[in-house]
Amino acid sequence: MNFSKTQIFGVAAFLAVVFVGVPLFIAATGRSDFYFTLTSVALLAIASAGVWLTFYIGRINIGQGAFALVGAYVSAILVVKAGWSFWISLPAAGLFAALIAVLIGLPILRLRGVYFAMITLVLTQVATLTALALPITNGAKGITNIPLPGAISIFGIPLVPDFSTLENSRMAFYFTATILMVITYAALYRLVNSRLGHLCRSMQQNEELASSIGVNITYIRILIFAISSFFGGLGGAMFGSISQSVYPATFVVKDSVDFMLNCFLGGLGYVFGPMLGTLVLYFGWDLLFEFGKYQMLIYATLLILIIRFLPNGLLSVRFGKGGGK
């Protein structure tokens, strides 16, 4: 896989801004609360990456909030009630969400279009009601006082400090979340440009034709849905840790819709579309708060205009129609 000089420069510039520019800016302005905002954007971008992946096999996923909620609860239960390290509970939460996705995906991934979309839309509400009903999740009380992530050391060499001992744990969460986001999108880019990615594109265009030439479309659909849900569980688990609490309403149907809108806004044809869409939608909603009761009206109008004049998303402005991934 060859990278152009422009791509290398773009990635290097992005990493410099995220890991150097942002901390310097916050240090200069004294707005340490900005770390929490950008951490939230990074975690929501991770979950949105999973939604984008299901679009890649021709499925409209409006249920990512369910898997984010599952990941948040699994991590919280393992840390608070089982005494696990947060760093071990993080991948465990993602894997559990992926397992749930496999069980759910076996019957529902046969559906297409609006039928699949409507089924996934229900998933978040089902997850919320399940969290309210199960004793292990503490019902409406949720799980609170989640300990901050502890230290990681290998052979006595400290790699990650104990977050509770840090003067500014928000900065630590910011770096952790952005590193996870970078790894997520690097993996997504690699997947898209692999043989599996090519098979996904063939399924997106014509599943029957792909099946006729020997592509195991059932296996690929379930695998992609599981990976998508893993991203959701990962983002949800990290979000629960930074909030130090998880409730049934931590992720609701609106969040699932927002994850989908992030993908549309950034561009379905671009791997990094969900990241840009999350950033614009998150800050755009906050900026529109100044308009009071007209906030939703302006928000909806802008979305309609973007969909009308930029159907390929905001990244199509730079790359044009048919731009590369």
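Please read all numbers here as calculations on a predicted model, not as lab measurements.

Definitions and cut-offs
Residues numbered from 1 in each chain as written. Predicted model: local features only at pLDDT ≥ 70, side-chain atom pairs only at ≥ 80, totals over all residues. Heavy atoms only, no water. Helix = DSSP H or I, 4+ residues; strand = E, 2+ residues; numbered from the N terminus. Rg over C-alpha atoms; globule rule 2.2 N^0.38 Å. Buried < 20%, exposed > 50% of the residue type's maximum accessible area, 1.4 Å probe, protein only. Contact = heavy atoms within 4.5 Å. Areas by Shrake-Rupley, 256 points an atom, 1.4 Å probe, with all protein chains shown as cover. Salt bridge = Lys/Arg side-chain N within 4 Å of Asp/Glu carboxyl O. Phe/Tyr/Trp six-rings, centres within 6.5 Å; stacked < 30°, edge-to-face > 60°. Lys NZ or Arg CZ within 6 Å of the ring centre and 35° of its normal.

Visitor: Help me understand the overall build of the chain, please; the structure alone is not making it clear to me.
Guide: Along the chain, the regular secondary structure elements total 13 helices and four strands. Over its C-alpha atoms the chain spans a radius of gyration of 20 Å, differing by no more than 12% from the 20 Å that the globule rule assigns to 325 residues. Counting only C-alpha atoms, the chain reaches 55 × 55 × 45 Å along its principal axes. Burial analysis of the chain (325 residues in total) assigns 45% to the buried set. Across the chain, contacts joining residues at least 24 apart in sequence account for 76% of those joining residues at least 6 apart. With the model as given, the accessible surface of the chain reaches about 16200 Å², and the carbon-plus-sulfur share is 70%.

Visitor: Explain the pattern of salt bridges to me, please; I cannot follow it from the model alone.
Guide: Pairing of side chains with opposite charge becomes possible as their charged atoms draw close. In the structure shown here, the tally under the stated rule is six salt bridges. Here glutamate 207 ties to arginine 59 by a salt bridge, and the two come within 3.0 Å at their closest N and O atoms. Pair noted here: glutamate 207 is in helix H8 (residues 207-212) and arginine 59 is in the loop between helix H2 (34-55) and helix H3 (64-80), with a separation of 148 residues, a long-range link. When sorted by exposure, glutamate 207 lands in the same class as arginine 59, which is buried. For arginine 112, the salt bridge identified is with glutamate 207, shortest N-O distance 3.2 Å. With a gap of 95 residues between them, arginine 112 in the loop between helix H4 (86-108) and helix H5 (113-133) and glutamate 207 in helix H8 connect regions that are remote in the sequence.

Visitor: How should the packing of aromatic side chains be read in this particular structure?
Guide: Aromatic ring pairs are defined here through the distance separating the ring centres and the angle between the ring planes. Enumeration according to the criterion identifies 18 aromatic pairs in this entry. Note on phenylalanine 163 and phenylalanine 173: the rings are 5.1 Å apart at their centroids and 85 degrees apart in plane angle, and the pair reads as edge-to-face. Separated by 10 residues along the polypeptide, phenylalanine 163 in the loop between strand E3 (157-160) and helix H6 (169-192) and phenylalanine 173 in helix H6 bring together distant segments of the chain. Phenylalanine 173 carries the same exposure label as phenylalanine 163, and that label is buried. Put simply, the rings of Phe19, Tyr35, Tyr174 and Phe175 touch in pairs and so form one group of aromatic residues. Over the face of the ring belonging to tryptophan 285 we find lysine 254, whose NZ or CZ atom lies 5.5 Å from the ring centre. Across the ring face of phenylalanine 309, the terminal group of arginine 308 is positioned such that the distance to the ring centre comes to 5.1 Å.

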